[in-house]
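Structural features, examined
The lines below spell out each chain.
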Amino acid sequence: TLSVLVIFSQQTDFSLNEYNSVNVLISLFAGIMIPFLFSSIIIGSVERIKTKMLTEANRQFTDIPQLNESLEIIKKYDGDLSFANEEEKAIVDSAEDKIEHKQFVEISTYYSVLEAIIIGVSAIIIPITVGYLFGAGILAGMLIGVSFSSIILAFFQSNSAGTWNSAEKMIYDGVQWNSAIYEKGSEAHKTSLVGALVGNTFRNATSPAYTVIIKVMALTALIIASGI
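I will try to describe carefully the structure that is included in this document. (Residues numbered from 1 in each chain as written. Predicted model: local features only at pLDDT ≥ 70, side-chain atom pairs only at ≥ 80, totals over all residues. Heavy atoms only, no water.)

**A closer look at the overall build of the protein chain**
For clarity, the threshold we go by: By the criteria applied, helices consist of DSSP H or I runs no shorter than four residues and strands consist of E runs no shorter than two, each listed in order from the N terminus. Two things to know: the radius of gyration comes from C-alpha atoms, and the globule rule equals 2.2 Å times the number of residues to the power 0.38. When a residue's accessible area, from a 1.4 Å probe over protein chains only, is under 20% of the maximum for its type it is buried; when over 50% it is exposed; and in between it is partly exposed. Here, residues are in contact when the closest pair of their heavy atoms is within 4.5 Å. To be clear on the numbers: accessible area is Shrake-Rupley with a 1.4 Å probe, and residue cover counts the displayed protein chains and nothing else.
The secondary structure content of the protein chain amounts to seven helices and two strands. Starting at the N terminus, the α and β elements of the protein chain follow one another as α-α-α-α-α-α-β-β-α. At 25 Å, the protein chain has a C-alpha radius of gyration far larger than the 17 Å of a compact globule built from 228 residues. Principal-axis analysis of the C-alpha atoms places the extent of the protein chain at approximately 80 × 50 × 20 Å. Burial analysis of the protein chain (228 residues in total) assigns 35% to the buried set. Contacts spanning at least 24 positions in sequence make up 76% of the contacts within the protein chain whose residues lie at least 6 apart. Total accessible area on the protein chain stands at roughly 13,800 Å², and carbon and sulfur atoms take up 64% of it.

Written out as structure tokens, the structure reads:
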């Protein structure tokens, strides 16, 4: 970020000494809010894609009898098929060939790219708009805010994801707390699963996106620097 700002200041009339300007400070705070906005968009995108995947899964279990029959066997033994007889195991094995994997792949790829376009286009349009409308100083302040806010959010969300996933695994294996034992199937475990799901979104979707956001916005600013 610092190297980008130095290069940016060299290509514009903006001086690093102007960071005490009120307008620059205001743009800095505005930049701090941008990663939070992008984070909410990404989380919403993951939720929408997850809903589409669940809808497709429900459709297949409804329309494909073999899958529904296999699901009943899995529920019967709580996922442990070592207690199932050979006939039941054969039913479960045959059901795997009935899954329409192509539908899930199409949903995950198509809608992931479609939702990512919003973030990508915004990361390009925002620096261009701010730079040409308000000048190099405002754009530089915004870039600083975006960079530091993204770093803090990335650390926070990554650490939160690790904590929630570790908690889910501990409760799954069984843990004692205040003379009470919490294990798989308990209310604590069901709650920890929710935290683990949110943590997976943080770790796999939002945290990696901040690096892309910073790079795209910084490179866009450098490209238009000579024109502002």
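**Considerations on the packing of helix H2 (residues 22-63) against helix H7 (residues 187-224)**
Test applied: Angles here are taken between N-to-C directions and fall from 0 to 180 degrees, while the axes themselves are lines fitted to C-alpha atoms, restricted in helices to the stretch in contact. Note that the term roughly parallel is reserved for angles under 35 degrees, roughly antiparallel for angles over 145, roughly perpendicular for angles of 65 to 115, and oblique for everything else. Two helices that cross are described as forming a left-handed crossing if the nearer one is turned anticlockwise from the farther one by less than a right angle, and a right-handed crossing if clockwise.
Remark: H2 packs on H7, axes separated minimally by 10 Å, with the N-to-C direction vectors making an angle of 135°. As far as their axial angle goes, H7 and H2 are oblique. With respect to the hand of their crossing, H2 and H7 are arranged in right-handed fashion. Every residue of H7 that contacts H2 at Ile34, Pro35, Phe38, Ser39, Ile42, Ile43 and Val46 is listed here: Thr201, Phe202, Ala205, Thr206, Ala209, Tyr210, Ile213 and Met217.

**So, the packing of aromatic side chains**
We apply this condition: Two rings belonging to Phe, Tyr or Trp (six-membered ring only in the last case) form a pair when the distance between their centres is within 6.5 Å. Interplanar angles under 30 degrees mark stacking, angles over 60 mark edge-to-face geometry, and anything in between is tilted.
If you walk through the whole model with that rule in mind, you get two aromatic pairs. Taking 5.0 Å as the distance between ring centres and 85° as the angle between the ring planes, the aromatic pair formed by Tyr110 and Tyr111 counts as edge-to-face.

**Side note on the pattern of salt bridges**
What counts is decided by this rule: Throughout this description, the term salt bridge denotes a Lys or Arg side-chain nitrogen within 4 Å of a carboxyl oxygen of Asp or Glu.
For the structure on display, the rule yields eight salt bridges. Put simply, Arg59 and Glu56 hold a salt bridge, and the shortest N to O gap is 2.6 Å. Of this pair, Arg59 and Glu56 both sit in helix H2, three residues apart, which is roughly one turn of the helix. When its relative accessible area of 32% is taken as the criterion, Arg59 is described as partly exposed. When its relative accessible area of 10% is taken as the criterion, Glu56 is described as buried. One salt-bridge network, in which partners are shared between bridges, spans Glu56, Arg59, Asp63 and Glu100.

**Details of the nonpolar core**
For clarity, the threshold we go by: Nonpolar cores are built from buried Ala, Val, Leu, Ile, Met, Phe, Trp, Tyr and Cys residues. Side-chain atoms within 4.5 Å join them into one set.
Core analysis: the biggest nonpolar cluster contains 26 residues, and Phe8, Leu139, Met142, Ile213 and Met217 have the highest contact counts within it. The set of elements that each furnish at least two residues to this core consists of helix H1 (2-11), H2, helix H5 (101-134), helix H6 (136-173) and H7. Here this core takes ten residues from H6, the largest share from any one element. Sequence-distant contacts of Leu139, defined by excluding residues within four places in its chain, comprise Phe8, Pro127, Val130, Gly131, Ala221, Ile224 and Ile228. One finds Ile73, Tyr77, Ala84 and Val92 within the second-largest nonpolar core, a separate group that totals five residues.

**A short note on the packing of H5 against H6**
The condition is simple: Residue polarity is assigned by list, with Asp, Glu, Lys and Arg as charged and Ala, Val, Leu, Ile, Met, Phe, Trp, Tyr, Cys and Pro as nonpolar; anything else, Gly included, falls into the polar class.
In contact at an axis separation of 7 Å, H5 and H6 are set at 145° when each is read in the N-to-C sense. Along its contact with H5, which presents Ile126, Pro127, Val130, Gly131 and Phe134, the element H6 presents Ile138, Leu139 and Met142. Of the residues that constitute the contact of H5 with H6, the class distribution is seven nonpolar, one polar and no charged.

**Notes on a nonpolar patch on the surface**
Worth spelling out the cut-off: A residue counts toward a patch only above 30% relative accessible area and without a salt bridge, and it is joined to like-charged neighbours within 9 Å or, for Val, Leu, Ile, Met, Phe, Trp and Tyr, to nonpolar neighbours within 5 Å.
Nonpolar side chains collect at one region of the surface, where Tyr110, Val113, Leu114, Ile117, Val121, Ile124, Ile125, Ile128 and Tyr132 lie side by side and expose about 820 Å² of accessible area between them. With respect to the element layout, Ile117 can be found in helix H5.

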